[in-house]
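Structural overview
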Protein chains: 2
Amino acid sequence: MSVKKEKRLTSSMEDYLEAIVVLEKENGVARVKDISRMLNVKPPSVTSAIINLSEKGLVEHELYGYVELTLEGKKAALDVLRRHNVLFCFLAGILNVDPKVALEDACKMEHSVSPQTLENLEKFIEFVKDSSNQGKSGLLKSFTHFLKTGKRKRFSIGGIKQ
Amino acid sequence: MSVKKEKRLTSSMEDYLEAIVVLEKENGVARVKDISRMLNVKPPSVTSAIINLSEKGLVEHELYGYVELTLEGKKAALDVLRRHNVLFCFLAGILNVDPKVALEDACKMEHSVSPQTLENLEKFIEFVKDSSNQGKSGLLKSFTHFLKTGKRKRFSIGGIKQ
DNA sequence: AAGTAATGTTAGAAATCTCTAAGATTTGAA
DNA sequence: TTCAAATCTTAGAGATTTCTAACATTACTT
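Read on for a plain summary of the structure. Starting from 1, residues in each chain are numbered consecutively following that chain's sequence as written. Labels are handed out in written order, letters beginning with A for the chains and numbers beginning with 1 for the ligands. Side-chain atom pairs in this predicted model are given and counted only at pLDDT of 80 or more, local residue features only at pLDDT of at least 70, and totals for whole chains, interfaces and linings cover all residues. To get the side-chain values, all heavy atoms of the structure are used, and hydrogens and water are removed first.

1. Section: the overall build of chain A
Along its length, chain A carries seven helices and two strands. Secondary structure elements follow DSSP: runs of H or I of four or more residues count as helices, runs of E of two or more count as strands, with numbering from the N terminus. Start at the N end of chain A and walk to the C end: the helices and strands fall as α-α-α-β-β-α-α-α-α. A burial count over chain A gives 43% of its 162 residues as buried. In chain A, 52% of the contacts between residues at least 6 apart in sequence involve partners at least 24 apart. Working definition: with a 1.4 Å probe on protein chains only, accessible area under 20% of the residue-type maximum means buried, over 50% means exposed, and in between means partly exposed. In what follows, a contact means two residues having at least one pair of non-hydrogen atoms within 4.5 Å.

What follows is the structure, encoded as structure tokens:
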């Protein structure tokens, strides 16, 4: 009975998984060259990573061929992607951080955000965004105004206009 | 003229700086043993780190003596601490994440949050918190309620009661 | 003051992740 | 089909960070 001790994936390995799932979505398949370009690492680093992920049962790979996520790998990759997206939405959509910066931050923070924080962040986004049907909610408008001027504007949640 | 190329500090080195500044605040001085305990690493790791930080001009250290931050080191350490505190405030105070989890997350995320995100986060905290004089603001109460029940409650910002 | 306990350092090894250089395989063009 | 370009892998080295084991120093205790 080989009960593998599942160590948490490193940030690096999560990056590779994420790149692979994104490439699969974009191109149907993931190739070493594209992973390399996407992550700004050299091809040998990708090969090493693939061997590593393959030993963990997260990807399948034939020499000189494509890289494919296993079911488990896909699950892990989508989890990273979800963290990324939630963080990006919050940073760019609520905190009003420049999208380029928000992207960079999301790419780094996605590896350290806990499930609980992620869940509450998702709910917070829902809470803030759903409170307006069109574009920015009152809260968002008010905060954006506060960011620019330092002054508060009234706003409402729950459909009650002030 | 030796113009050192100042590479960004690694997460690890930031952790050491942060521990040192916290210990200095608590005990007046920082010692290897305490840094070791605070960061959950063995003493030789601390010694290595101190040598590293010392080469960067961020700490001073006499063999078998105390560790002290230089001016530059203190500046860097306080910067990390500020990131930590802002993140913790947001997670625990606004997102309603369990303080223990919020602490862990802050400790990890503090190394990857950009200045712009940090600044906007600080303003967001100010925006949300200052909108009530006593404890949780309307927004906070409303979000907490939403977290628990999934239902929205009306609230106000700007001192206007609904 | 001497010896023991506590603390700190040195040396050297292991894990992780990246790179360069060089060689292998595949693809595509003539 | 054969050769050149593109792609991928292997081998080996370097950086970073941690550890254990052994040794050095300092601080107590009596």
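Now that the structure has been shown, the text picks up again.
2. Overview of the interface of chain A and chain B
Accessible area lost during the coming together of the parts is what is often quoted as the interface size. Contacts between chain A and chain B engage 38 residues on the former and 38 residues on the latter. Across the interface of chain A and chain B, roughly 3,400 Å² is buried in total on both sides, 68% from carbon and sulfur atoms. Any carboxyl oxygen of Asp or Glu that lies within 4 Å of a side-chain nitrogen of Lys or Arg is treated as forming a salt bridge with it. Taken together, the connections running from chain A to chain B amount to zero salt bridges. For the side of chain A that touches chain B, the secondary-structure elements that each account for two or more residues are helix 4 (71-94), helix 5 (99-109), helix 6 (115-129) and helix 7 (138-149) of chain A. In terms of residue count, the dominant contributor to the side of chain A that touches chain B is helix 6 of chain A (eight residues). For the side of chain A that touches chain B, the per-class residue count stands at 18 nonpolar, 11 polar and nine charged. Put simply, buried area is how much 1.4 Å-probe accessible surface two parts lose in total, over both of them, once they are put together. Charged residues are taken to be Asp, Glu, Lys and Arg, nonpolar residues to be Ala, Val, Leu, Ile, Met, Phe, Trp, Tyr, Cys and Pro, and polar residues to be all remaining types, Gly included.

3. What about the protein's contact with DNA strand D?
Taken together, 22 residues sit near DNA strand D, with K33, T47 and H61 of chain A together with T10 and S45 of chain B positioned nearest. To be near a molecule or strand, a residue needs just one of its heavy atoms within 4 Å of it. Among all atoms of DNA strand D positioned within 4 Å of the protein, those belonging to sugar or phosphate total 82%. K42 of chain B has a polar backbone atom sitting 2.9 Å from a phosphate oxygen of DNA strand D. The contact in question runs from a phosphate oxygen of DNA strand D to an N or O atom on the side chain of S45 of chain B, over 2.6 Å. Of all the elements in the fold, those that place two or more residues in the surface near DNA strand D are helix 2 (32-39) and helix 3 (43-55) of chain A together with helix 1 (11-27) and helix 3 (43-55) of chain B. The element that contributes the greatest number of residues to the surface near DNA strand D is helix 3 of chain B, accounting for four residues. In protein, a polar contact requires one atom able to donate a hydrogen and another able to accept it; more generally it is a pair of N or O atoms within 3.5 Å, and residues adjacent in sequence count only if both atoms are side-chain atoms.

4. Describing the protein's contact with DNA strand C
In the vicinity of DNA strand C, 22 residues are found, and the nearest of them are T10 and S45 of chain A together with K33, T47 and H61 of chain B. Of everything in DNA strand C that lies within 4 Å of the protein, sugar and phosphate atoms constitute 83%. Between a phosphate oxygen of DNA strand C and a side-chain N or O atom of S45 of chain A, the distance comes to 2.6 Å. The side chain of H61 of chain B places a nitrogen or oxygen atom 2.9 Å from a phosphate oxygen of DNA strand C. Among the elements of the structure, helix 1 (11-27) and helix 3 of chain A together with helix 2 (32-39) and helix 3 of chain B are those that each provide at least two residues to the surface near DNA strand C. The dominant element in the surface near DNA strand C, judged by the number of residues it contributes, is helix 3 of chain A, at four residues. Within the surface near DNA strand C, the residues separate by chemical class into 10 nonpolar, eight polar and four charged.

5. Focus: the nonpolar core
Put simply, buried Ala, Val, Leu, Ile, Met, Phe, Trp, Tyr and Cys residues joined by side-chain atoms within 4.5 Å make one nonpolar core. If you look at the biggest cluster of nonpolar residues, it comprises 46 residues, and the most contacted ones within it are F90 and F124 of chain A together with F90 and F124 of chain B. Broken down by secondary-structure element, the contributors of at least two residues to this core are helix 4, helix 5, helix 6 and helix 7 of chain A together with helix 4 (71-94), helix 5 (99-109), helix 6 (115-129) and helix 7 (138-149) of chain B. Beyond its immediate chain neighbours, meaning those up to four positions away, F124 of chain B contacts I94, L95, F124, L139 and F143 of chain A together with F90 and I94 of chain B.

6. Notes on the packing of helix 4 of chain B against helix 6 of chain B
Residue and element names in this part refer to chain B. To get an axis, fit a line to the C-alpha atoms, keeping to the stretch in contact for a helix; angles then go from 0 to 180 degrees between the N-to-C directions. Where helix 4 meets helix 6, the axes come as close as 10 Å, and the angle between the chain directions of the two elements is 40°. Regarding the angle of helix 4 to helix 6, the classification is oblique. Crossing hand, helix 4 versus helix 6: left-handed. For the pair formed by helix 4 and helix 6, the contact residues are R82, R83, V86, L87, C89, F90, G93 and I94 on the first element and L118, L121, E122, F124, I125, V128 and K129 on the second. Class assignment for the residues of the contact of helix 4 with helix 6 results in 10 nonpolar, one polar and four charged. In this scheme, roughly parallel covers angles under 35 degrees and roughly antiparallel covers those over 145, while 65 to 115 is roughly perpendicular and the rest are oblique. Here a crossing is taken to be left-handed if its near helix is turned anticlockwise relative to the far helix by less than a right angle, and right-handed if that turn runs clockwise.

7. Considering the relation of the copies chain A and chain B
The superposition of copies rests on a least-squares fit of C-alpha positions from residues with pLDDT of 70 or more in both. The transform that puts chain A on chain B rotates by 180° and translates by 0.0 Å along the axis, for an RMSD of 0.0 Å. Look at the turn and shift together and you get a two-fold axis relating the two. When the interface residues of chain A are mapped onto chain B, 100% of them again lie at the interface, so the same face is used by both copies.

8. Considering the packing of aromatic side chains
For Phe, Tyr and Trp, rings pair up if their centres lie within 6.5 Å, where Trp contributes its six-membered ring, and each pair is then called stacked (planes under 30 degrees apart), edge-to-face (over 60) or tilted (otherwise). Considering all chains together, one arrives at 14 aromatic pairs over all chains under this definition. Relative to F146 of chain B, the ring of F127 of chain A lies with its centre 5.3 Å away and its plane at 45°, an arrangement referred to as tilted. In this pair, F127 of chain A sits in helix 6 while F146 of chain B sits in helix 7, so the two residues belong to two different chains. Ring centres of F90 of chain B and F124 of chain B lie 6.5 Å apart, and the angle between their planes is 65°; this geometry places the pair in the edge-to-face category.

9. What to know about the pattern of salt bridges
Residue and element names in this part refer to chain A. Overall, the coordinates contain 11 salt bridges over all chains when judged by the stated rule. Between R82 and E122 there is a salt bridge whose closest N-O contact spans 2.5 Å. In this pair, R82 is assigned in helix 4 and E122 in helix 6, connecting sequence segments 40 residues apart. For E119, the salt bridge is made with K123, and the minimal N-O distance between the two is 3.2 Å. In this pair, E119 and K123 both sit in helix 6, four residues apart, roughly one turn of the helix. Residue class for E119 comes out partly exposed when judged on its relative accessible area of 41%. For K123, a relative accessible area of 26% corresponds to the partly exposed category. Within this structure, E14, D79 and R83 form a network of salt bridges that share partners.

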